[in-house]
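# Structure assessment
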Amino acid sequence: MHILRTARPTDADRCFEMETAAYEGDEAATLEKIRMRIELYPQGFLLLETEAGVVGFINSGCADVVKMEDDAFKEFVGHDADAPNVVILSVVVDPAFQEQGLSRVLMEEFVARMKAMNKATIYLMCREYNVPLYEKFGYRYLNPSASNLGGRAWHEMSMVL
């Protein structure tokens, strides 16, 4: 059983727990950032629940002009819910539930919701080892990112809706 739903403020602690398990060091959003993202753009914060509870999520913001290396956007500086471009900030599946196709379930629903909201493009940054995964979901590789979040190399990808 999969339930896909919009995040609520009471989900922040669980999302933070999964975020810190999935991302290393400075890559992980703080609890405060997760709370802010739920509050300011709940329609861009999708959760996946199973019998075990919340096991994954995608969160995002929107902008007219996307600069992937812009760390201020992770704080929602420049976010505009009505803007045509979606920027995914986190895609997380609890490590205990990975390798079950749940990221595909999340991504397919997320893309469908963004299309229903008449968004034009979805952007994301990922580590090199995740590029093939996102290509399977329909994203195309753009370029290495100027961002060095967490002192690591990132790669930019996009999907035209």
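Here, every reference points to the structure presented above.
Quick look at the structure, then. Keep in mind that this is a model prediction, so the values were computed, not measured.

Within the structure shown, the criterion is met by 3 aromatic pairs. Relative to phenylalanine 137, the ring of tyrosine 134 has its centre 6.0 Å away and its plane inclined at 75°; by these criteria the two rings are edge-to-face. Like tyrosine 134, the residue phenylalanine 137 is buried in the burial classification. Ring centres of tyrosine 134 and tyrosine 139 lie 5.9 Å apart, and the angle between their planes is 85°; on these two criteria the pair is classed as edge-to-face. For tyrosine 134, a relative accessible area of 8% gives the class buried. Three or more aromatic residues joined by ring pairs make a cluster, and in this case those are Tyr134, Phe137 and Tyr139. One Lys or Arg, arginine 127, reaches over the ring of tryptophan 154 and ends 5.7 Å from the middle of that ring.

Within helix α1 (residues 12-22), the full set of buried residues consists of Ala12, Cys15, Met18 and Glu19. One side of α1 carries all its buried residues, which in axial view fall inside an arc of 130°. On its buried side, α1 packs onto α2 (31-40), β2 (45-50), β3 (53-63) and β4 (85-93).

Moving on, we get to the packing of α1 against α2. The contact between α1 and α2 brings their axes to 9 Å, and the two run at 130°. Here α1 is positioned oblique relative to α2, judged by the angle of their axes. Here α1 and α2 pass one another in a crossing that is right-handed. Contacts between α1 and α2 involve Ala12, Asp13, Cys15, Phe16 and Glu19 on the former and, on the latter, Leu31, Ile34, Arg35 and Ile38.

Moving on to the sheet that holds strand β1 (residues 3-6). Taken together, the 7 strands give an open sheet; going across it, the order is β1-β2-β3-β4-β5-β7-β6, and neighbouring strands pair in mixed fashion. Pairing within the sheet leaves two strands with one partner each, and these edge strands are β1 and β6 (140-144). Going from strand to strand, the sheet's axes swing by 25° on average, the running direction of each strand aside. Sheet topology note: the β2/β3 ladder contains 6 bridges and is antiparallel. Paired with threonine 50 across the strands is glycine 53, a residue of β3. In the packing of α1 onto the sheet, the strands contacted are β2, β3 and β4, and the crossing angle to β3 comes to about 85°.

Definitions and cut-offs
- Residues numbered from 1 in each chain as written.
- Predicted model: local features only at pLDDT ≥ 70, side-chain atom pairs only at ≥ 80, totals over all residues.
- Heavy atoms only, no water.
- Phe/Tyr/Trp six-rings, centres within 6.5 Å; stacked < 30°, edge-to-face > 60°.
- Buried < 20%, exposed > 50% of the residue type's maximum accessible area, 1.4 Å probe, protein only.
- Lys NZ or Arg CZ within 6 Å of the ring centre and 35° of its normal.
- Helix = DSSP H or I, 4+ residues; strand = E, 2+ residues; numbered from the N terminus.
- Arc of directions from axis to C-beta.
- Contact = heavy atoms within 4.5 Å.
- Axes fitted to C-alpha atoms, helices over the stretch in contact; angles between N-to-C directions.
- Parallel < 35°, antiparallel > 145°, perpendicular 65-115°, else oblique.
- Left-handed = near helix turned anticlockwise from the far one by under 90°.
- Pairing = 2+ DSSP bridges.

These results come straight from atomic positions and should not be treated as a statement about function.
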